[in-house]
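Structural overview for review
Here is how the chains run, residue by residue.
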Amino acid sequence: VRAVHDTWGIATGLRLEGRAEGEAGDGPVVRPGVAFDRCGRLLVLAASTPLPVAAQLPGGTLHLAVLRADLAAGEPAATLRWAAPGDRVEAGLDVVLGTVAALGGRVAWTDAGRRYVRTAAPVALAAGFVRRGTAVAAGTPQQWTAAIAVDAGFSGVPVYVAGVSPGDPGPGTATVQILEAAAEGFRITVRRPTGRDAAPGGVAAGTSAITTTPDDVAWIAALPQAPAGAGDPIPPSGPCPGLLSNREHR
């Protein structure tokens, strides 16, 4: 959701409905369901929740049924409230489930204001392996740079993840950085620590210049495709409070 959907709203359930035959209580309820806010937090209403009775709503005034993350309880807990006219509703942090109003002695409800998440975007994936010595590189075994070609037919710039495996004898643990990315490939820089601990046996790795990749390079690329529509988008408002709170799942 956080990385691919780029969306927020109702995922499933959370309908405003009348009670089923034989179900205890009177009046309509909000059914259980799942939503996401604009911070990617999972909002779950675990049980059917009664709507306010007509006496609790000013006659003819519309109220919004709003679901919001319960930061104190932690993800995926959520709280349901009834927003009266003039109450602050933050699009993207508050997920509107519908509207309720008192009409005479009964409560009427509609789906006005509901927003659904977009369908999860399909992801185009590709992977490749470049054997050491087969791509042009510059630098030394301790630090080198190379352009890695990707022939996957991407329509945009994907997200690349790359790793390297050293030749024999291995010159030590490497850090990998992707400097430039394009649909046709990426540019990679590989660095290794220097000194006597840089290689097995406490022998410093060589520092002579290289012309081809001294390591095997494995890569994976992912490009989210255009997500399905979710109706007219509503611009989100406000920050993401508590996004890094200890109670939330990473």
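As shown above, the structure is provided for reference.
It should be emphasised that the depicted structure is a prediction, and the values quoted were computed from it without experimental measurement. Residue indices begin from 1 for each chain and proceed along its sequence in written order. Given that this is a predicted model, residues contribute local features only at a pLDDT of at least 70 and side-chain atom pairs are listed and counted only at 80 or more, while totals for whole chains, interfaces and linings are drawn from all residues. Excluding hydrogens and water, the side-chain figures rest on all heavy atoms present in the structure.

Quick word on the overall build of the protein
In DSSP terms, a helix is any run of H or I states spanning at least four residues, a strand is any run of E spanning at least two, and both are numbered starting from the N terminus. The helix and strand inventory of the protein stands at zero helices and 18 strands. Exposure classes here rest on a 1.4 Å probe applied to the protein chains alone. A residue is buried below 20% of its type maximum, exposed above 50%, and partly exposed in between. Burial status across the protein gives 36% buried among its 250 residues. Whether two residues are in contact is decided by their heavy atoms, any of which lying within 4.5 Å being enough. Of all intrachain contacts in the protein linking residues separated by at least 6 positions in sequence, the fraction that spans at least 24 positions is 69%. Entry remark: accessible area of the protein is about 13300 Å², with carbon and sulfur atoms responsible for 56%. We get accessible surface area from the Shrake-Rupley algorithm with a probe of 1.4 Å; when it comes to residues, only the shown protein chains can shield them.

Some points on the pairing of strand β15 (residues 175–182)
Between any two strands, pairing holds if DSSP finds at least two bridges. With seven bridges joining them, β15 and strand β16 (residues 185–191) adopt antiparallel strand pairing. Bridged to A181 within β16 is F186. Here β15 folds back onto β16, and the loop between the two strands holds two residues.

Some remarks on the sheet that holds strand β2 (residues 16–17)
The three strands are arranged β2-β3-β6 in an open sheet whose pairing can be described as antiparallel. Looking at strand neighbours, the two that pair on one side only are β2 and β6 (49–50), the edges of this open sheet. Across two bridges, the pairing between strand β3 (residues 29–30) and β6 is antiparallel. Pairing of V30 across the sheet is with T49, part of β6.

Re the packing of aromatic side chains
Between rings of Phe, Tyr and Trp, where Trp is taken as its six-membered ring, a pair exists when centres lie within 6.5 Å; planes separated by under 30 degrees are stacked, by over 60 edge-to-face, and by other angles tilted. In this structure the tally under the stated criterion is three aromatic pairs. When the centroid spacing of 6.5 Å and the interplanar angle of 75° are considered together, the rings of F186 and W219 count as edge-to-face. You can see F186 sitting in strand β16 and its partner W219 sitting in strand β18 (residues 215–224), a full 33 residues away along the chain. With respect to class, F186 is no different from W219; both count as buried. Chaining the aromatic ring pairs together yields one cluster made of Y160, F186 and W219. Look at NZ for Lys and CZ for Arg. If either is within 6 Å of the ring centre and within 35 degrees of the ring normal, a charge sits over the ring. One Lys or Arg, R115, reaches over the ring of W8 and ends 4.2 Å from the middle of that ring.

What about the nonpolar core?
One finds W144, I148, F154, F186, I188, V217 and W219 to be the most contacted residues of the largest nonpolar core, which totals 20 residues. Of all the elements in the fold, those that place two or more residues in this core are β11 (123–130), β13 (143–149), β14 (159–166), β16 and β18. For this core, the element with the highest residue contribution is β18, accounting for four residues. Side-chain atoms within 4.5 Å link the members of a nonpolar core, which is a set of buried Ala, Val, Leu, Ile, Met, Phe, Trp, Tyr and Cys residues. Counting residues in each nonpolar core, the second largest holds 18 residues, with A69, A78, V95 and V100 among its members.

Notes on the pairing of strand β10 (residues 106–110)
In this sheet, β10 lies alongside strand β9 (residues 94–103) in antiparallel orientation, the contact comprising five bridges. Bridging from a neighbouring strand, A101 pairs with A108 of β10. Between β9 and the antiparallel strand that follows it, β10, lie two residues; G104 among them carries a positive phi value of about 65°.

A few points about unusual backbone geometry
Between E75 and P76 the backbone carries a cis peptide bond, its omega angle lying at 10°. By the secondary structure assignment, P76 is in the loop between β7 (63–69) and β8 (78–83).

Quick notes on empty space enclosed by the protein
Using a 1 Å grid laid over the protein atoms alone, points where a 1.4 Å probe fits but cannot get out form a cavity; open sets with protein on both sides within 12 Å along at least 5 of 7 lines form a pocket; any residue with an atom within 4 Å of a point counts as lining. Grid points are joined across faces, edges and corners, and a volume is the space filled by probe spheres set on the points. Inspection of every chain in the model, using the stated rule, returns one cavity of 30 Å³ or more. Roughly 40 Å³ of internal volume is contained in the largest cavity. Lining the largest cavity are 10 residues, and of these R41, A69, D70, G74 and E75 sit closest to its centre.

Examining a nonpolar patch on the surface
On the surface, V159, V161 and I220 cluster together into a nonpolar patch covering about 290 Å² of accessible area. With respect to the helices, strands and loops of the structure, I220 is situated in strand β18. Patch members must show over 30% relative accessible area and no salt bridge, and they are joined within 9 Å when carrying like charges or within 5 Å when they are nonpolar side chains of Val, Leu, Ile, Met, Phe, Trp or Tyr. For this analysis, a salt bridge means a side-chain nitrogen from Lys or Arg found within 4 Å of a carboxyl oxygen belonging to Asp or Glu.

Details of the sheet that holds β9
The four strands are arranged β8-β7-β9-β10 in an open sheet whose pairing can be described as antiparallel. At either end of the open sheet lies a strand with only one pairing partner, and these are β8 and β10. Neighbour to neighbour, the strand axes of the sheet diverge by 30° on average, direction disregarded. Where helices are involved, their axes are fitted lines through C-alpha atoms of the stretch in contact, as for all axes, and angles between N-to-C directions lie from 0 to 180°.

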